[in-house]
Amino acid sequence: MMLTCKEASRLFSQGLDRKLGLWDRLRLRLHLVICDACSAFTRQMKFLRRAIERLP
Amino acid sequence: MKSFAARVEEQRPYLLRYASLQLRDSHAAEDAVQETLVAALAGEASFQGRANLRTWLTGILKHKIIDAIRRSSRESTVAADPLAEVSELDALFDSSGHWAEAPSAWPDPDGSLEQKQFFAVLEDCLARLPAKTAQAFMMREHMGYETDEICKELGVTATHCWVLLYRARMALRECLQTNWFRK
């Protein structure tokens, strides 16, 4: 039920490419509430997306 | 005033860099750019009234790049093992699934987007990705394709596609961490 950071990072990445199921979204949200490292990771991933969009 | 042909030709180095980043094959990149320039000259009339020549040419080039990817994925029958590709990511985590080196917030990321040098580092990081990983990633994030379209063009399963995208993001994060944010 509880995700590891490894699973959470993979699931978050998939969430950028497909709509996650309700269960996965819940598990991911729970993990991010308690995990600073993965929260920082998700902000970095969102930044990466913005950076690539602006690639000249 | 410069002729249309001369203005198109001026964009060749930029287009070549753009195509090389995604195709990883200098011949294929040159072919795609050549086809683009030919199509542009033939289609001068359809450019009339558009503001930005480079944007218009890049739009044509994207189609040529997709054509080239489609051709090469039809030719190559060797399917990489997606699990083997994930295992190299294992080093980023310990055996219990925790980060080996926990990510911490990047300082002033938006400020980086204002710096030319940042994009040079980002391009360098993209160039280090394996070809198929880079293609999948650029199709997704730069060209805005949906995953199912990328799978189709690259001839891989949806699961493999997600693995490629995950792998690209993890590698780029590591690369930016090392070469930009840890300066």
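Residues numbered from 1 in each chain as written. Chains lettered and ligands numbered in written order. Predicted model: local features only at pLDDT ≥ 70, side-chain atom pairs only at ≥ 80, totals over all residues.

**Notes on the overall build of chain A**
Consideration 1: What chain A contains, in helices and strands, is 3 helices and 0 strands.
Consideration 2: A buried classification covers 25% of the 56 residues belonging to chain A. (Helix = DSSP H or I, 4+ residues; strand = E, 2+ residues; numbered from the N terminus. Buried ≥ 20, exposed ≤ 12 C-beta atoms within 10 Å, placed from the backbone.)

**Side note on the overall build of chain B**
Consideration 1: Within chain B, the secondary structure is distributed over 11 helices and 0 strands.
Consideration 2: In sequence order, chain B lays out its α and β elements as α-α-α-α-α-α-α-α-α-α-α.
Consideration 3: Each principal axis of the C-alpha atoms in chain B carries an extent, and together these give about 65 × 40 × 25 Å.
Consideration 4: By the burial criterion, 28% of the 183 residues in chain B qualify as buried.
Consideration 5: Residue pairs in contact within chain B that sit at least 24 positions apart in sequence constitute 66% of those at least 6 positions apart. (Contact = placed C-beta atoms within 7 Å.)

**Some thoughts on the packing of helix α3 (residues 36-53) of chain A against helix α11 (residues 158-181) of chain B**
Axes are the key here: two packed helices are described by the angle between their axes and the distance separating the axes.
Consideration 1: Between α3 of chain A and α11 of chain B, whose axes approach to 11 Å, the crossing angle comes to 95°. It follows from the interaxial angle that α3 of chain A and α11 of chain B lie roughly perpendicular. Between α3 of chain A, through Gln 44, Met 45 and Leu 48 of chain A, and α11 of chain B, the contact on the second element is made entirely by Arg 169, Leu 172 and Arg 173 of chain B.
Consideration 2: Counted by class, the contact of α3 of chain A with α11 of chain B contains 3 nonpolar, 1 polar and 2 charged residues. (Axes fitted to C-alpha atoms, helices over the stretch in contact; angles between N-to-C directions. Parallel < 35°, antiparallel > 145°, perpendicular 65-115°, else oblique. Nonpolar A, V, L, I, M, F, W, Y, C, P; charged D, E, K, R; others polar.)

**Here's the deal with the interface of chain B and chain A**
Consideration 1: Of the residues lining the interface, 24 residues belong to chain B; the matching set on chain A comes to 24 residues.
Consideration 2: Looking at the side of chain B that touches chain A, the elements that each hand over two or more residues are α8 (116-128), α9 (131-141) and α11 of chain B.
Consideration 3: Tallied by class, residues from the side of chain B that touches chain A come to 14 nonpolar, 6 polar and 4 charged.

**Comments concerning helix α2 (residues 12-23) of chain B**
All names here are of chain B.
Consideration 1: Spanning 12 residues, α2 covers 16 Å between terminal C-alpha atoms, matching the ideal 16 Å at 1.5 Å per step.
Consideration 2: Turning to α2, its buried residues are Leu 15, Tyr 18, Ala 19, Gln 22 and Leu 23. The buried residues of α2 occupy an angular sector of 115° when the element is viewed end-on, so they sit on one face. For α2, the exposed residues set more than 90 degrees away from the buried face come down to Pro 13 and Arg 17. (Expected span 1.5 Å × (residues − 1). Arc of directions from axis to C-beta.)

**Observations regarding the confidence of the model for chain B**
Consideration 1: When the pLDDT values of chain B are averaged, the result is 87; 92% of them are 70 or greater.
Consideration 2: Here the prediction assigns the complex a pTM of 0.80, and the interface score ipTM is 0.95. (pLDDT = per-residue confidence, 0-100.)

**Describing the environment of Trp 106 of chain B**
Consideration 1: As for its position among the elements, Trp 106 of chain B is in the loop between α6 (82-87) and α7 (109-112).
Consideration 2: C-alpha of Trp 106 of chain B to C-alpha of Leu 126 of chain B: the two residues are 20 residues apart in sequence and 19 Å apart in space.
Consideration 3: Those residues in contact with Trp 106 of chain B, other than ones at most four positions away along the chain, are Gln 44 and Phe 47 of chain A together with Phe 181 of chain B.

**Points about the packing of helix α1 (residues 5-15) of chain A against α11 of chain B**
Consideration 1: It is at 9 Å that the axes of α1 of chain A and α11 of chain B come closest, and there the two elements cross at 110°. Regarding the angle of α1 of chain A to α11 of chain B, the classification is roughly perpendicular. You can see that α1 of chain A and α11 of chain B cross each other, and the crossing is right-handed. Where α1 of chain A abuts α11 of chain B, its residues Arg 10, Ser 13 and Gln 14 of chain A lie against Trp 162, Leu 165, Tyr 166 and Arg 169 of chain B.
Consideration 2: By residue class, the composition of the contact of α1 of chain A with α11 of chain B is 3 nonpolar, 2 polar and 2 charged. (Left-handed = near helix turned anticlockwise from the far one by under 90°.)

**Some details on the domain arrangement of chain B**
Residue and element names in this part refer to chain B.
Consideration 1: Annotation of chain B at the domain level lists domain 1 (4-75) and domain 2 (82-181).
Consideration 2: Taken residue by residue, the interface counts 8 residues in domain 1 and 11 residues in domain 2.
Consideration 3: Of all the secondary-structure elements, those providing two or more residues to the side of domain 1 that touches domain 2 are α2 and α5 (53-75).
Consideration 4: Here the element with the most residues in the side of domain 1 that touches domain 2 is α5; it accounts for 5 residues.
Consideration 5: Residues belonging to the side of domain 1 that touches domain 2 are distributed by class as follows: 3 nonpolar, 2 polar and 3 charged. (Domains from an automatic or database assignment.)

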